[in-house]
Amino acid sequence: MARFTPQWDQQILGPANTIGIEKDNEKPPKPLPLSSLPIYHCSTCQLTWLVGEKGEAAAKNHPSHHTYSHIYAGTNRSLLVFADGACSGNGALNARGGLGVFFGAGSKFNFAERLSESGVHTSQKAELAAVARGLQTVRILQARHTMVVNAEGGHDPRYIVEGMCSHFSGWKENKQGVLVNKTGKAVENSKGFLRLESEVQMLSMVGVQVVYYLVSREENKEADILAKESIV
Ligand SMILES: [Zn+2]
Ligand SMILES: [Zn+2]
């Protein structure tokens with residue numbers, strides 16, 4: 001299940017404490033806000049981590065979130081990457097899309113860039129590209145950890161999370177390489193979703209599991225600011 005649900009999460013609760021929880025994947029609870037979760041920004045690796053059941057001291061132990069020495073080392077540590085897209089003149093011929101990826105205050109990995117895509121730019125395209133570029137950065141970082149993608153969309157706020165967690169498994173790639181839904185209708189932004197999925201696959205090959213965590217706009221504001229900066 002690619003949806004991050006803090007109320008069910010083994011990293012936060014500890015594996016033993018999640019066994020008794022009734023989990024209905026069709027009807028997950030509304031995710032708790034980010035502000036209620038302990039997170040820690042490591043100034044050495046310039047990344048933001050979720051603090052797990054082992055507590056803050058364990059999360060602050062820098063070598064522990066970097067080691068490759070043991071197959072399980074760090075797998076219960078989540079890296080947070082905040083992604084957001086923006087678009088001026090959404091959907092118009094001269095629309096300009098941009099994206100922002102945020103790893104923490106002052107992190108050298110933060111970036112803002114224009115959407116480099118042919119065709120008409122939309123905020124959804126920018127949103128998808130932002131998450132894909134965020135994951136691409138994680139791949140380069142080679143952080144061998146479960147990670148949390150934090151996505152929130154404009155007029156359809158759950159676009160990415162629902163797209164990837166609820167709908168994607170029901171979509172198929174047709175002979176032309178376009179995603180179609182169960183009725184055979186082409187999925188909008190098929191290219192963007194496929195690119196995102198391919199980033200997820202590439203990460204899974206190196207043992208990084210991607211989960212999607214939906215937060216409020218306010219809690220994704222740094223990525224939003226970066227995305228908007230890129231299109232002024
Ligand atoms: Zn660190
Ligand atoms: Zn957004």
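Thresholds, definitions, all that
Along each chain, numbering runs from 1 in the same order as the chain's sequence is written. Whichever chain is written first is A, and whichever ligand is written first is 1; the rest continue in order. In view of the model being predicted, local features appear only for residues whose pLDDT reaches at least 70, and side-chain atom pairs are presented and counted only at 80 or more, with totals across whole chains, interfaces and linings using the full set of residues. Calculation of side-chain values draws on the structure's entire complement of heavy atoms; hydrogens and water are dropped beforehand. Interaxial angles span 0 to 180 degrees and are taken between N-to-C directions of axes, which are lines fitted to C-alpha atoms, for helices over the stretch in contact. Strands are runs of DSSP state E lasting at least 2 residues, helices are runs of H or I lasting at least 4, and numbering of each runs from the N terminus. Note on terminology: angles under 35 degrees are roughly parallel, angles over 145 are roughly antiparallel, angles of 65 to 115 are roughly perpendicular, and the others are oblique. Should the near helix be turned anticlockwise from the far one by less than a right angle, the crossing is termed left-handed; should it be turned clockwise, right-handed. By the convention used here, residues are in contact when the closest approach between their heavy atoms is within 4.5 Å. What makes a nonpolar core is a set of buried Ala, Val, Leu, Ile, Met, Phe, Trp, Tyr and Cys residues whose side-chain atoms join them at distances within 4.5 Å. Remark: exposure states derive from per-residue accessible area (1.4 Å probe, protein chains only) relative to the maximum for the residue type, with buried under 20%, exposed over 50%, and partly exposed in between. Strands were regarded as paired on the criterion that DSSP finds at least two bridges between them. The predictor rates its confidence in each residue with pLDDT, a number between 0 and 100. Counted as salt bridges are all cases of a side-chain nitrogen of Lys or Arg within 4 Å of a carboxyl oxygen of Asp or Glu. To estimate how far a helix should reach, multiply one less than its number of residues by 1.5 Å.

## Here we look at the packing of helix H4 (residues 159–167) against helix H5 (residues 190–205)
At step 1: Interhelical geometry of H4 versus H5 gives an angle of 65 degrees and a closest axis separation of 12 Å. If you check the angle between H4 and H5, you find them roughly perpendicular. H5 is crossed by H4, and the crossing has right-handed handedness. Here Tyr159, Ile160, Gly163 and Met164 of H4 come into contact with H5, specifically with Phe193, Leu196 and Glu197.

## Some thoughts on the nonpolar core
At step 1: Counting 39 residues, the largest nonpolar core has Val131, Leu135, Ile160, Met164, Phe193, Leu196 and Tyr212 as its most contacted members.
At step 2: Put simply, the parts of the chain that give this core at least two residues each are strand E1 (39–42), strand E2 (47–50), strand E3 (78–88), strand E4 (96–102), helix H3 (123–141), H4, H5 and strand E9 (210–213).
At step 3: Broken down by element, the residue count for this core peaks at 8 residues, all from H3.
At step 4: Membership of the second largest hydrophobic core comes to 12 residues, among which are Leu50, Phe82, Tyr213 and Val215.

## A short note on the pairing of E1
At step 1: Burial of E1 is one-sided: the residues Tyr40 and Cys42 facing one way are buried, the residues Ile39 and His41 facing the other way are not.
At step 2: Strand direction decides the pairing type here: E1 and E2, joined by 4 bridges, are antiparallel. Note that in E2 the partner of Cys42 across the bridge is Leu47.
At step 3: Linking two consecutive strands that pair antiparallel, namely E1 and E2, is a turn of 4 residues; a positive phi of about 60 degrees is found at Gln46 within it.

## Regarding the confidence of the model for the protein chain
At step 1: Summing up the model confidence of the protein chain, the mean pLDDT is 85 and the portion of residues at 70 or higher is 86%.
At step 2: In this model residues 67–75 is a low-confidence stretch, pLDDT under 50, and it forms 8 contacts with partners more than four residues away in sequence or in other chains.

## Side note on unusual backbone geometry
At step 1: The phi dihedral of Gln46 falls on the positive side, at around 60 degrees, and the residue is not glycine.
At step 2: You can see Gln46 is positioned in the loop between E1 and E2.
At step 3: Here the phi dihedral of Asn189 falls at roughly 60 degrees; this positive angle occurs in a residue that is not glycine.
At step 4: One can find Asn189 in the loop between strand E8 (179–180) and H5.

## Brief notes about the pattern of salt bridges
At step 1: Taken as a whole and judged by the stated rule, the model has 6 salt bridges.
At step 2: In this structure, Asp224 and Lys228 form a salt bridge, with 2.8 Å as the shortest nitrogen-oxygen distance. Of the two residues, Asp224 and Lys228 both sit in helix H6 (residues 221–229), 4 residues apart, roughly one turn of that helix.
At step 3: Residue classification places Lys228 among the partly exposed residues on the basis of a relative accessible area of 42%.
At step 4: Through salt bridges that share partners, Arg3, Arg158 and Glu162 make up one connected network.

## A short note on H5
At step 1: For H5, built from 16 residues, the straight-helix expectation of 22 Å at 1.5 Å per residue is met to within 8% by its first-to-last C-alpha distance of 23 Å.
At step 2: Elements that come into contact with the buried residues of H5 comprise H3, H4, E8 and E9.

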